[in-house]
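Structure at a glance
Chain residues, written in single-letter form:
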Amino acid sequence: MRWGGLFFFLRGFPITILLSQRKMHAFLKGGSLPQKEKSAAKEKPGSCEAKRSRAVPWVEKYRPRCVDEVAHQEEVVAVLKKSLQGADLPNLLFYGPPGTGKTSAILAAARDLFGPELYAQRVLELNASDERGIQVVRHKVKNFAQLTASSTRKDGSPCPPFKIVVLDEADSMTSAAQAALRRTMERETKTTRFCLICNYVSRIIEPLTSRCSKFRFKPLSDAAQEQRVRHVCDQEGLKIEQEALTELVKVAEGDLRRAITMLQSAARLVVGATITRAIIMEISASVPTAMLNALVEACRSSSIDKMDLAVQNICCEGYAATTLIGQLHEVVLCRADLSDRQKSAIADKLGEVDKCLVDGADEYLQMLALCSVLMTQFNRPAE
């Protein structure tokens, strides 16, 4: 029987929907299109599925894939290359500021060691900020470390006979978990290498640090950051002013991950236009120079009302007090009309206010207290 059409009556109006026989059967069975047409719709270049698959954060898209691509860490790269030549690695401890390439370095070394075919089987990556308890060490890490690893690949080529456990943010692990990890590192040294990654090496217990080769990752230089950001801009077809690039590197403070993330946010904001310094300052939530200068001038005026108004303006605009502290620190250091004693008094108050903000103090009151010290020092005769 051939279907010529199907009539529905909706709110009294006849609607004729012509369906082919194949679509009619699919509609009557499940109320949806056939599976082939679904897959074809997903594979269309302009479909949502295709766009979602291409939407990768630039931090991951431009993460180094080999040890040679790790930027501005010459000492660490040299040692890793020597270890890769001998197909052996000691237990490693990478520490330093965030965004300097610690995780990228060990993952790139693992790719060079095992290749893409064995990478997923030989590498266990855990973020200790989320999984930091002793049960994780006793079960997940221990079970993975006890598995034996072959010294040959499927094609017969040689392969390092060990696995790698990467514990990111290891300084967030509890003391009990670190103590349990020490015993696991001792017992599974023949089959597993451990790489601990942290920001503060002082939070790692001494028995663990003594079993690892320690490498300090230093903040990236401005030249290295500019070179990497330029590379990303060239790959993405972005236009950025030199002033904007300088401001981006300055705000990132040696954190390349932060610089690339802000660059991607700026690119989404301008959508094809040139990225300017104002856009970078807007993305980074930095206090504008005019507003910062107005605050400094209010502190120099000896007027409490003007100072209070300037502080209220900054608070009402939604700028973070921690960001203001960093910018004021740079302004104070560059002031020629302040003596060293006055600068030290202001710097001492900056540290005190920063500590109070971390403890949860009110931003408005802390900014008033800071500006009061600024006013006192600005109006005190230089010694």
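Residues numbered from 1 in each chain as written. Predicted model: local features only at pLDDT ≥ 70, side-chain atom pairs only at ≥ 80, totals over all residues. Heavy atoms only, no water.

Named according to an unreviewed UniProt entry, the protein is Replication factor C subunit 2 originating from Petromyzon marinus. Looking at the Sequence similarities (unreviewed entry) heading of the UniProt record, one finds this comment for the protein: "Belongs to the activator 1 small subunits family." Its UniProt record, at the heading Subcellular location (unreviewed entry), says of the protein: "Nucleus". (UniProt positions renumbered as here; feature names shortened; annotations may be inferred.)

Structural notes on the overall build of the protein
Scanning the protein for helices and strands turns up 18 helices and seven strands. When burial is assessed residue by residue, the protein has 40% of its 383 residues classed as buried. Working note: accessible area of the protein is about 21,700 Å², and carbon and sulfur atoms make up 53% of it. (Helix = DSSP H or I, 4+ residues; strand = E, 2+ residues; numbered from the N terminus. Buried < 20%, exposed > 50% of the residue type's maximum accessible area, 1.4 Å probe, protein only. Areas by Shrake-Rupley, 256 points an atom, 1.4 Å probe, with all protein chains shown as cover.)

Description of the side chain of E188
Topologically, E188 is positioned in the loop between helix 8 (175–187) and strand 6 (192–198). Despite its burial, E188 remains without a salt bridge, the nearest opposite charge being carried by R187 at 4.8 Å. Beyond its immediate chain neighbours, meaning those up to four positions away, E188 contacts A145 and Q146. (Lys, Arg positive; Asp, Glu negative; His and termini not counted. Salt bridge = Lys/Arg side-chain N within 4 Å of Asp/Glu carboxyl O. Contact = heavy atoms within 4.5 Å.)

Details of the environment of K306
Assignment of secondary structure puts K306 in helix 15 (residues 304–316). Residues K306 and A294 lie 12 residues apart in sequence; the distance between their C-alpha atoms is 9.4 Å. For K306, the residues in contact, after removing those within four places along its chain, are A298 and S301.

Section: the environment of S175
Within the secondary structure layout, S175 lies in helix 8. Separated by 30 residues in sequence, S175 and I205 place their C-alpha atoms 7.5 Å apart.

Considering the sheet that holds strand 3 (residues 92–95)
The five strands lie next to each other as 4-5-6-3-7, forming an open sheet whose pairing is parallel. Two strands bound the open sheet, and with one partner strand each, they are strand 4 (123–127) and strand 7 (213–216). Geometrically, the sheet is characterised by an average inter-axis angle of 15° between neighbouring strands, direction not taken into account. Bridge analysis of strand 5 (residues 163–168) against strand 6 gives five bridges, and the strand direction is parallel. Along strand 6, the bridge assignment pairs K163 with T192. Against the sheet, helix 7 (residues 134–146) engages strand 4, strand 5 and strand 6, with an angle of about 165° to strand 4. (Pairing = 2+ DSSP bridges. Axes fitted to C-alpha atoms, helices over the stretch in contact; angles between N-to-C directions.)

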